[in-house]
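Fold and contact review
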Amino acid sequence: ILSVLLLGFIWVNHSKYQRKFDSERWKEWIESEDQLNLRWQMVGPLTLLEKINGKTKEQLLDLLGEPTNKETNKWYYKLGPTGRGINYGGLRIQFEQNKSVNYKVIEH
């Protein structure tokens, strides 16, 4: 019984940080109290289901909107608070020849 309760607690605690990826909600996100870690909650499903690597810059603009910081070969999207203390998250995407070749979810 204790094992079942422990697994249930872990699942409930973990699931509150997972939210189905929604491109429109991602693009409309503003860092406000009611949506504070919305992007952080969606980044897992985004990276798992949307297959970021191999997409062109145009495809990613359509999917994610304008990045927070944009360099020629690197884009950065602010994810907001991670829900774990005072840490904030970010999504960094690296490009080669207009296609994404690498991404990293960072926490700082």
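Everything that follows concerns the structure shown earlier in this document.
Attention here is on the structure that accompanies the text.

Calculation rules
- Residues numbered from 1 in each chain as written.
- Predicted model: local features only at pLDDT ≥ 70, side-chain atom pairs only at ≥ 80, totals over all residues.
- Heavy atoms only, no water.
- Buried < 20%, exposed > 50% of the residue type's maximum accessible area, 1.4 Å probe, protein only.
- Helix = DSSP H or I, 4+ residues; strand = E, 2+ residues; numbered from the N terminus.
- Arc of directions from axis to C-beta.
- Pairing = 2+ DSSP bridges.

Another point: helix α4 (residues 57-64). Within the sequence span of α4, burial applies to K57, L60, L63 and L64. Seen end-on, α4 carries its buried residues on one side only, within an arc spanning 125°. Among the residues trailing α4, G65 stands out with phi positive, at a value near 80°.

A separate point is the sheet that holds strand β1 (residues 69-70). The sheet built from 4 strands is open, its strands ordered β1-β2-β3-β4 with antiparallel pairing. What marks the edges here is a single partner per strand, and that holds for β1 and β4 (99-107). Taken together, the 7 bridges between strand β2 (residues 74-81) and strand β3 (residues 88-96) define a ladder with antiparallel strand orientation. Considered in β3, the bridge of P81 is made with Y88.

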